[in-house]
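What follows is each chain in one-letter form.
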Amino acid sequence: MRAAKWCRLVLAAVCLPSTVSAQPLAPLTPTSIRQDLALMREQFLGIEASYSPGARAEAERRIARLEVVADTLQRGFLELEIARIVALADNGHTSVPGAMRASHFNRVAIRLTPFGEEFYVLRAQSQHADLLGARLLAIDGKPMAMLRTAARSLSGGTAAWRDRQAPFLFESPEQLHALGVITASTAATYRFQLATGGTVERRLVADSANAATPRANTSRWMYPEPPASDGREWRSLMAVAQAPWSLQEPTTRFRWRDAPELDGVVIELRQNVSAPNVMIRTFLMQMDTLLRVQKPRHVVLDMRMNGGGDLNTTRAFVQSLPTLVSGRIFVLTSPHTFSAAISTVGYLKQAAPERVSIVGEMVGDRLEFWAEGRPVTLPGSGILIGRATERHDYATGCKPYSDCHGAVVRSPISVKTLAPDLSAPWTLADYRAGRDPGMAAIAAELRR
């Protein structure tokens with residue numbers, strides 16, 4: 001599945017809570033800008049399948065406007081305007097990933113994560129440790145409603161998925177300035193509501209862009225264990241020792257544990273492709289054997305931090321799960337559940353709709369989306385654009401369409417919804433207390 005290749009190429013942006021480093025950017029010239037835009041028109045717009053006719057026409061107009069003003073374009077505006085043009089497709093896979101931009105622009109010394117539609121500080125350098133747990137209210141006097149609108153213009157897909165990319169904008173005065181949101185590019189005044197209830201304004205001066213600094217996607221900040229790239233000066237809201245099982249061992253891609261409190265087993269898949277140290281097929285075979293031998297009554301499949309990969313890797317396993325346990329099957333989802341992870345949830349729900357309960361938050365995309373396709377890199381600017389060329393339709397099983405991805409034509413998914421049967425969103429209060437709301441909801445359901 002070509003989506004797996006896309007996943008590996010932009011792993012920090014979409015698929016995995018790990019880190020990679022970017023290459024230094026070459027200087028831009030009007031000639032290189034126009035060459036990039038010509039390539040974008042040919043290799044992206046000419047191939048991308050997810051645009052509506054109106055959105056495609058608007059994309060063409062905006063590319064043409066950039067060509068006209070190429071002599072005066074600044075890199076920051078160019079990269080963000082290309083992201084906005086790509087986002088007109090309103091498709092999660094069709095994107096200029098926010099994490100890929102993070103090393104091209106400056107960044108302040110806090111890390112924000114959305115809970116619902118609000119953004120909270122989960123990590124900060126020591127001098128700003130008093131901001132841990134604080135809710136972002138405004139930047140240079142611009143309220144969150146305006147900031148969310150600006151951020152959502154840079155990504156396609158659902159609002160919740162767009163919000164997972166938003167911190168890369170909020171943390172960068174340079175990007176906010178390039179969009180015309182704030183007046184200075186090197187620093188901004190951030191206003192927060194503190195955990196104590198009061199408000200504080202803090203002038204944050206950004207660190208310069210550094211292509212050698214690893215970048216990570218926003219789900220990584222949910223894990224309190226610091227990334228290897230963090231120095232000692234960084235602090236997290238949650239202590240490592242306080243983390244629930246689901247937020248431990250961030251570099252371990254496939255995990256399981258006995259759950260005697262549930263009379264069951266918990267299996268966690270954080271990606272749908274093999275990890276460097278373990279093949280996903282081997283892990284799933286081990287889980288199949290374990291369930292057959294141990295015979296737990298219930299099973300929990302945690303897909304909340306799974307950004308996707310290859311839907312073919314997990315299909316047979318989840319289709320067989322109802323035959324391996326006699327009781328309930330729970331699958332945990334969140335807006336970080338994306339791409340092939342959504343396919344996996346669909347196959348499982350379809351396999352036993354009366355026994356499978358989805359718990360948590362809505363997955364990160366709609367029942368119908370576009371995926372596959374290799375990304376294209378614009379050589380002059382280094383901007384990477386994700387392309388989508390094949391339809392996925394999990395509401396009808398792709399029956400009305402001839403342009404669906406081959407794997408879902410051969411093994412269709414047709415479900416009414418993937419909305420949670422049990423709503424259990426992460427809240428800041430749960431997070432601060434080290435509680436896992438999804439697991440708590442499952443335990444409460446089994447006690448009924």
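Scroll up to find the structure this text is about.
None of the values given here were measured: they were computed from a predicted structure.

So, how was this worked out
- Residues numbered from 1 in each chain as written.
- Predicted model: local features only at pLDDT ≥ 70, side-chain atom pairs only at ≥ 80, totals over all residues.
- Heavy atoms only, no water.
- Phe/Tyr/Trp six-rings, centres within 6.5 Å; stacked < 30°, edge-to-face > 60°.
- Helix = DSSP H or I, 4+ residues; strand = E, 2+ residues; numbered from the N terminus.
- Buried < 20%, exposed > 50% of the residue type's maximum accessible area, 1.4 Å probe, protein only.
- Lys NZ or Arg CZ within 6 Å of the ring centre and 35° of its normal.
- Axes fitted to C-alpha atoms, helices over the stretch in contact; angles between N-to-C directions.
- Parallel < 35°, antiparallel > 145°, perpendicular 65-115°, else oblique.
- Contact = heavy atoms within 4.5 Å.
- Nonpolar A, V, L, I, M, F, W, Y, C, P; charged D, E, K, R; others polar.
- Core = buried A, V, L, I, M, F, W, Y, C linked by side-chain atoms within 4.5 Å.
- Salt bridge = Lys/Arg side-chain N within 4 Å of Asp/Glu carboxyl O.
- Disulfide = S-S within 2.5 Å.
- Left-handed = near helix turned anticlockwise from the far one by under 90°.
- Pairing = 2+ DSSP bridges.

Concerning the packing of aromatic side chains
- For the structure shown, the criterion picks out 8 aromatic pairs.
- With a centroid separation of 3.8 Å and 0° between ring planes, the pair formed by W161 and F338 is classed as stacked. Pair noted here: W161 is in helix α8 (residues 159–165) and F338 is in the loop between β13 (329–333) and α13 (340–351), with a separation of 177 residues, a long-range link. F338 carries the same exposure label as W161, and that label is buried.
- One aromatic cluster is present, formed by F115, Y120 and Y431 through successive ring pairs.
- Looking at R255, its charged tip hangs above the ring of W245, at a distance of 3.8 Å from the centre.
- Here the guanidinium or amino end of R391 rests over the ring plane of Y401, the centre of that ring lying 3.7 Å away.

Things to note about the packing of helix α11 (residues 280–294) against helix α12 (residues 315–324)
- Running from N to C, α11 and α12 cross one another at 5°; their axes reach a closest spacing of 10 Å. With respect to α12, the axis of α11 lies roughly parallel. Across the interface between the two elements, L284, M287, D288, L291 and R292 from α11 touch F317, S320, L321 and L324 from α12.
- Residue classes in the contact of α11 with α12 are distributed as 6 nonpolar, 1 polar and 2 charged.

Thoughts on the nonpolar core
- Core analysis: the biggest nonpolar cluster contains 66 residues, and M40, I82, F170 and I385 have the highest contact counts within it.
- Sequence-distant contacts of F170, defined by excluding residues within four places in its chain, comprise L112, F119, L136, I139, M144, L147, R148, A151, L176 and Y190.
- L291, I329, C398 and I413 belong to the second-largest nonpolar core, a separate cluster that totals 43 residues.

Section: the pattern of salt bridges
- As enumerated under the stated definition, the model contains 31 salt bridges in all.
- Among the ionic pairs, R366 bridges to D90, the shortest N-O distance being 3.1 Å. Of the two residues, R366 is situated in the loop between β14 (356–360) and β15 (368–371) and D90 in the loop between α5 (75–87) and α6 (98–101); the sequence distance between them amounts to 276 residues.
- Across the pair D403 and R391 runs a salt bridge, and its minimum N-O distance is 2.9 Å. Highlighted residues: D403 in the loop between β18 (390–393) and α14 (406–410) and R391 in strand β18, separated in sequence by 12 residues.
- Residue R391 is classed as buried on the basis of its relative accessible area of 12%.
- Connected through salt bridges with shared partners, the residues E58, R61, R62, E81 and R84 form a single ionic network.

Comments concerning the state of the cysteines
- The full count for this structure, using the stated rule, is 1 disulfide.
- Two residues share a disulfide in this structure: C398 and C404, whose sulfurs sit 2.1 Å from each other. Looking along the S-S bond of the C398-C404 disulfide, the torsion reads about -90°, which is the left-handed sense. Comparing C398 with C404 shows no difference in burial state: the two are buried.

Points about the packing of helix α3 (residues 30–45) against α5
- At a minimum axis separation of 13 Å, α3 and α5 run at an interaxial angle of 15°. Taken as axis vectors, α3 and α5 run roughly parallel relative to one another. Regarding α3 and α5, the two cross each other, and that crossing is right-handed. In this structure, α3 uses I33, L37, M40 and F44 to contact α5, whose residues at the interface are L78, I82, I85 and V86.
- Split into classes, the residues belonging to the contact of α3 with α5 amount to 8 nonpolar, no polar and no charged.

Let's talk about the sheet that holds β14
- The strand order across the open sheet built from 6 strands is β10-β11-β12-β13-β14-β19, with neighbouring strands paired in mixed fashion. Both outer strands of the open sheet, β10 (254–259) and β19 (422–423), are each paired with one neighbouring strand and no more.
- Relative to β19, β14 runs parallel, the two sharing 2 bridges. Paired with V359 across the strands is L422, a residue of β19.
- Contacts between α11 and the sheet are confined to β10 and β11 (264–269), with β11 contributing the most and set at about 175° to the helix.
- α13 rests against β12 (298–302), β13 and β14 of the sheet, and its axis sits at about 140° to β14.

Re the environment of V363
- Structurally, V363 can be placed in the loop between β14 and β15.
- Through-space distance from the C-alpha of V363 to that of L384 is 25 Å; in sequence the pair is 21 residues apart.
- Sequence-distant contacts of V363, defined by excluding residues within four places in its chain, comprise T333, S334, P335, T337 and I342.

Side note on the side chain of Q175
- Within the secondary structure, Q175 is located in helix α10 (residues 173–178).
- Residue contacts for Q175: discarding those within four places in its chain leaves L80, R101, F105, F168 and L169.

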